[in-house]
Amino acid sequence: MANLETTYLGLKLKNPLVAASSGLTSSVEKIKQLADAGIGAIVLKSIFEEQINNEVTHMLAKDQHNVGYPEAEDYIKNYMRDNTVTKHLELVKQAKEAVDIPIIASVNCVSSKEWTTFAKDFEEAGADAIELNIFYLPTDRHEKPGMIEQLYLDVLEKVKSEVTIPVSVKFGLNHSNIIGMADKLKANGAAGVVMFNRFYEPDINLDKLELVASEVFSSPSDLRRSLRWVGIVSSSVTHLDIAASTGIHDGDAVIKQLLAGAQVAQLCSTLYVNGAQVVNGMLEDLAAFMKKWNFKKIEDFRGRLSYKNIPDPMVYERSQFMKYFSNRK
């Protein structure tokens, strides 16, 4: 029988399927459903620095008496932050008591200020690891790319100074040198990276002439966004665990990411669309694939088709369609 066990961030998982941070990991009841379905690990719903800051601004704006009083702003900000953190700490504790799989706390942050200091609280509450969900949107044309990358490293450094548990960084596709970014994160203490983040994207409603949110779920075709870079980074940056994310909707997608070199596959959209029962189907597909090729354990084929292990690495590097589409009529 195929052995589906693996490790991620130094944690032992019974299989490489990880529930990504989302509304589906925001309560103990939902977490238990995913655990019962066979998921290997859980990333809890993120605590959002940006959201709390926006809520503070909105609350202050509603009461004009608070405008111009720094003490009022500090009080409201501290109250909302502490209240939100307390709820997340309770979720960590309750999740650890309810299931016997790794629980990873998620922090969505846009700065390296005092906001990162409560990562220690998550560790003390029992979290097995921390996932940093970092995104900064440059809107100033004078900002230099190096400054943006440094933000990621500053947040990581601050959190690493607070905790002893493993820390991973979830980042996006929009970096000028993804290999270099992954390497810098590893050099600054990251045990792993999640490739890639799926961010809010705007759309325009032509009937109302207003900005709205675009489609929030990924599609199976989005797998291509991460597969190339999983294959390249897994070959180029050693001793850095990779969690593949985005576009993983079925067992075949999981297998492809493992072949490219990922340690685990994070699931989100497919859990919303197909329910927790999709986990069992993915595990069956993985076991059937391993039986077909006579692989006894995941390490027998992990990275088999990564950048460094294929005869022609140019397959990963190629960016133009060239012959295929030039010959089509």
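Residues numbered from 1 in each chain as written. Predicted model: local features only at pLDDT ≥ 70, side-chain atom pairs only at ≥ 80, totals over all residues. Heavy atoms only, no water.

Draft legend 1. Quick peek at the pairing of strand 12 (residues 241-244). Covered by surrounding structure in strand 12 are Asp 241 and Ala 243 together with Ile 242 and Ala 244, the residues of both alternating faces. Here four bridges tie strand 9 (residues 192-195) to strand 12, and the two strands are oriented parallel to one another. Bridge pairing links Met 195 to Ala 244 in strand 12. Strand direction decides the pairing type here: strand 12 and strand 13 (residues 264-267), joined by two bridges, are parallel. (Buried < 20%, exposed > 50% of the residue type's maximum accessible area, 1.4 Å probe, protein only. Helix = DSSP H or I, 4+ residues; strand = E, 2+ residues; numbered from the N terminus. Pairing = 2+ DSSP bridges.)

Draft legend 2. Fine view of the pairing of strand 10 (residues 202-205). In this sheet, strand 11 (residues 210-213) lies alongside strand 10 in antiparallel orientation, the contact comprising four bridges. When the bridges of strand 11 are listed, Asn 205 appears paired with Glu 210. Here strand 10 folds back onto strand 11, and the loop between the two strands holds four residues, one of which, Leu 209, carries a positive phi near 50 degrees.

Draft legend 3. Broad picture of helix 1 (residues 28-37). Among the residues of helix 1, those classed as buried are Val 28, Ile 31, Leu 34, Ala 35 and Ala 37. The first or second residue beyond helix 1 is Gly 38, which carries a positive phi of 110 degrees.

Draft legend 4. Up close: the side chain of Ser 245. For Ser 245, the location among the structural elements is in the loop between strand 12 and helix 8 (251-260). The buried category is assigned to Ser 245, whose relative accessible area is 8%. Beyond its immediate stretch of four places on either side in the chain, Ser 245 contacts Lys 170, Val 194, Met 195, Phe 196, Ser 226 and Gln 266. (Contact = heavy atoms within 4.5 Å.)

Draft legend 5. Seen up close, the environment of Cys 109. By secondary structure assignment, the location of Cys 109 is in strand 6 (residues 103-109). Considered as a pair, Cys 109 and Tyr 136 are 27 residues apart in the sequence and their alpha carbons are 8.8 Å apart.

Draft legend 6. Layout of the environment of Val 85. By the element assignment, Val 85 lies in helix 3 (residues 70-98). On the basis of relative accessible area, Val 85 is assigned to the buried category, the value being 7%. Val 85 sits 36 residues away from Asp 121 along the chain, and the two C-alpha atoms are 8.6 Å apart. Apart from the residues within four sequence positions on either side, Val 85 is in contact with Ile 47, Phe 118 and Asp 121.

Draft legend 7. Seen up close, the pattern of salt bridges. Taken as a whole and assessed by the stated rule, the structure comprises eight salt bridges. Of the charged contacts, one joins Arg 225 and Asp 222 as a salt bridge, the two residues approaching to 3.2 Å between their closest N and O atoms. Given a relative accessible area of 8%, Asp 222 falls into the buried group. The network of salt bridges with shared partners includes Arg 198, Asp 222 and Arg 225. (Salt bridge = Lys/Arg side-chain N within 4 Å of Asp/Glu carboxyl O.)

Draft legend 8. Looking closely at unusual backbone geometry. Cis geometry is found at the peptide bond from Met 195 to Phe 196, where omega equals 5 degrees. Mapped onto the elements, Phe 196 comes out in the loop between strand 9 and strand 10. Within the chain, His 239 stands out as a residue other than glycine whose phi angle is a positive 55 degrees. Considering the arrangement of structural elements, one finds His 239 in the loop between helix 7 (224-236) and strand 12. For His 239, a relative accessible area of 73% translates into the label exposed. Phi angles above zero are rare outside glycine, and Thr 246 is one such case at about 90 degrees.

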